[in-house]
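# Coordinates in review
What follows is the residue order along each chain.
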Amino acid sequence: MDPILDLDYIDNRTPEQAAASDTKLTASTNTGRARKLYIESYGCQMNFSDSEIVSSIMFEQGFDTTSEIGEADLVFLNTCSIREKAEQTVRNRLGQINHFKKKKPGLMVGVLGCMAERLKQSLLEEEKIVDLVVGPDAYRDLPNLINEVDGGQKAVNVLLSREETYADINPIRLNSNGVSAYISIMRGCDNMCSFCVVPFTRGRERSRDAHSIVREAQALVEQGYKEVTLLGQNVDSYKWASEDGEERVNFAQLLEKVALLTPDLRVRFSTSHPKDITDEVLHTMKKHENICKYIHLPAQSGNSRVLELMNRTYDRAWYLNRVDAIRRILGDECGISSDMIAGFCTETEQEHQDTLSLMDYVQYDYSYMFFYSERPGTLAARKLEDDIPLEVKKRRLDEIITKQRETSLARNKRDIGKVHKVLVENFSKKSKEQLSGRNDQNKVVIFDKKHYKKGDYVTVFVHDCSVGTLFGEAVD
Ligand code: SAH
Ligand code: SF4
Ligand code: F3S
């Protein structure tokens, strides 16, 4: 595989981040239900969170989840459309699942999520193996759709909603380490970034009832979870009002409500939008020690003309002003990460250099980096020519990746010789004698196990690092 195309090339991601960008996850519940569901999730954390809602709906319908596709009566792929490659991955996977179906002719196959929403009915014609196509706002209809398929028909529901937030559904935590969990606080997106398919696949932005979010976080605390990540495509535009309009909650206030549950619970959030992130949010982060000092603030480009073409609604100066506000209010210790797109329509070499110089200025701890992939139906696909040759896109992306590796290493080196509070999530990938966790800034820290275990907060003295990881020793 082309290393530039492969995100693992720069794998300093947490397991969650890795999962959110390109891997699939499965998990099992085993309560002796009549039928078994195998579900794979692709794409962003919202999709992984949705799979937990889907599993809950299917559980009520008499399905256990299984992590063995061979045991399954029903296979769901919860899909992503963000780049062409994401859709191709799913199509390849459907090809493989076809083999299973030959051995088990009754096997039902469903495509869920963003690709279902984008391709709708035509997915049934293009991929003969698919029995049902269900968009992100239609999961409550799954029981009816399954009945239709049981009755020998194909079934489709891709209606988008202005209200659905699945607030009352208690997610079944899939693949959970029992330490950290995601909570969806909103759905959809009202921004129209010209490259992006999400507004079309996820519909209008809507915020979930603040009380149901706090209740979900409280329930997780009671189950022993130590960390929650509040999820939305643009968390800073979260706003909820009670029906009588008496109570209004913005993102900073929501963050505070969750942080106040217990100081023992770490609170994270993603994604922040540069146009909407407020000083109020930054001050709330500062006020509560348990709100992690880490902000994912995608820039996409460092050049104002390109940002305008992208319809990001901020320019370079605005973005840098937000970074300065983070540094002023939260200090240099706050972790910052970004998403970058190389080779957007008409981007010149000089404009690409502006992205590199922005990276120099901000000193990101981490970035997710992509080359532009035109998505049908988006503003850019309709109005702009995808005119940067693939090899130029790849070369620019490679330069962005090289820059980020240097910066990640430099930022990690600054952590050497300091103590960090680490929440243990698991054994390290390499050895059962070592544990892996994350510090406040979301960096992976590996250290010898001693008497520590999953879910512990451990003070770790860091003595070494790589581009993606800090290495240290627990100090009792
Ligand atoms: N809501 C988030 C982005 C979610 S999509 C935000 O506004 O920051 C995750 C990332 O995928 C985007 O930030 C962008 O960098 C990338 N992306 C989206 N559409 C893309 C496209 N057509 N080609 C390449 N990368 C894309
Ligand atoms: Fe896409 Fe822009 Fe919305 Fe993010 S903010 S999901 S990039 S339209
Ligand atoms: Fe992909 Fe849909 Fe998320 S397109 S990135 S799964 S919102």
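Predicted model only: the values in this text are computed from it and were never measured. (Residues numbered from 1 in each chain as written. Chains lettered and ligands numbered in written order. Predicted model: local features only at pLDDT ≥ 70, side-chain atom pairs only at ≥ 80, totals over all residues. Heavy atoms only, no water.)

Right, let's talk about the overall build of the protein for a bit. Each helix and strand in the protein was counted, giving 15 helices and 21 strands. Relative to a compact globule of 476 residues, whose C-alpha radius of gyration would be 23 Å, the protein shows 22 Å and is just as compact. Expressed along its principal axes, the backbone C-alpha trace of the protein runs to roughly 65 × 55 × 55 Å. Out of the 476 residues in the protein, the part that is buried amounts to 60%. For the protein, the proportion of contacts with a sequence separation of at least 24, taken over those separated by at least 6, is 72%. Surface summary for the protein: the accessible area is close to 19,500 Å², and the carbon and sulfur share equals 50%. Within the protein, the 74 negative side-chain charges are centred at a point lying 2 Å from the centre of the 65 positive side-chain charges. (Helix = DSSP H or I, 4+ residues; strand = E, 2+ residues; numbered from the N terminus. Rg over C-alpha atoms; globule rule 2.2 N^0.38 Å. Buried < 20%, exposed > 50% of the residue type's maximum accessible area, 1.4 Å probe, protein only. Contact = heavy atoms within 4.5 Å. Areas by Shrake-Rupley, 256 points an atom, 1.4 Å probe, with all protein chains shown as cover. Lys, Arg positive; Asp, Glu negative; His and termini not counted. Charge placed at Lys NZ, Arg CZ, Asp CG, Glu CD.)

Looking at helix α6 (residues 142–150), one finds that the buried residues are L142, P143, L145, I146 and V149. One side of α6 carries all its buried residues, which in axial view fall inside an arc of 165°. Just downstream of α6, G152 is the residue with a positive phi angle, here 95°. (Arc of directions from axis to C-beta.)

Attention now moves to the nonpolar core. Grouped together as the largest cluster of nonpolar side chains are 68 residues, with contacts concentrated most on L230, Y238, F251, I295 and Y319. Broken down by element, this core gets its largest block of residues, seven residues, from helix α12 (residues 316–330). Non-local contacts of Y238, meaning those with residues more than four positions away in its chain, are made with I185, M186, S207, R208, D209, A210, I213, V249, N250, F251 and L254. Membership of the second largest hydrophobic core comes to 25 residues, among which are L37, I53, L132 and L145. (Core = buried A, V, L, I, M, F, W, Y, C linked by side-chain atoms within 4.5 Å.)

Taken together, C44, N47, T79, C80, S81, I82, C114, V198, R202 and Q233 make up the full set of residues near ligand 3. By residue class, the composition of the shell around ligand 3 is five nonpolar, four polar and one charged. Residues lining the shell around ligand 3 come from more than one domain, with at least three contributed by each of domain 1 (27–157) and domain 2 (180–411). (Near = heavy atom within 4 Å. Nonpolar A, V, L, I, M, F, W, Y, C, P; charged D, E, K, R; others polar. Domains from an automatic or database assignment.)

The omega angle of the peptide bond from S270 to T271 is 10°, so this bond is cis rather than trans. Note on placement: T271 falls in the loop between β13 (266–270) and α10 (279–287). Of note in this structure, Y166 is not a glycine but carries a positive phi near 55°. Looking at the element boundaries, Y166 is found in the loop between β6 (155–157) and β7 (180–184). In this structure, N311 is a non-glycine residue whose phi angle is positive, near 60°. Relative to the assigned elements, N311 resides in the loop between α11 (304–309) and α12.

For the rest of this paragraph, the subject is the pairing of strand β10 (residues 227–231). Here β10 lies mainly inside the structure; five of its five residues are buried. Burial along β10 is two-sided: the face carrying E227, T229 and L231 and the face carrying V228 and L230 are both buried. Inspection of the sheet shows β7 paired to β10 by five bridges, in the parallel sense. Looking across to β10, one finds that S184 is bridged to L231. Pairing analysis gives five bridges linking β10 to β13, with the strands arranged parallel. Residue pairing in the sheet places V228 in a bridge with V267 of β13. (Pairing = 2+ DSSP bridges.)

This brings us to the site of ligand 1. Surrounding ligand 1, one finds 15 residues, the nearest of these being F195, Q233, Q300, D339 and S373. Measuring from an oxygen atom of ligand 1, one finds a side-chain N or O atom of R83 at 3.1 Å. Protein contacts shield 90% of the accessible area of ligand 1, which totals 540 Å² for the unbound molecule. Looking at the shell around ligand 1, the elements that each hand over two or more residues are β15 (335–342) and β16 (366–371). Looking at side-chain class alone, the shell around ligand 1 contains seven nonpolar, four polar and four charged residues. (Polar contact = N/O pair within 3.5 Å; in protein donor to acceptor, adjacent residues only side chain to side chain.)

The six strands lie next to each other as β2-β1-β3-β4-β5-β6, forming an open sheet whose pairing is parallel. Looking at the sheet topology across the chains shown, the edges are occupied by β2 (63–65) and β6. With strand direction ignored, the average angle separating the axes of adjacent strands in the sheet is 20°. Of the strand pairs in this sheet, strand β3 (residues 74–79) and strand β4 (residues 108–112) are connected by five bridges, and their pairing is parallel. (Axes fitted to C-alpha atoms, helices over the stretch in contact; angles between N-to-C directions.)

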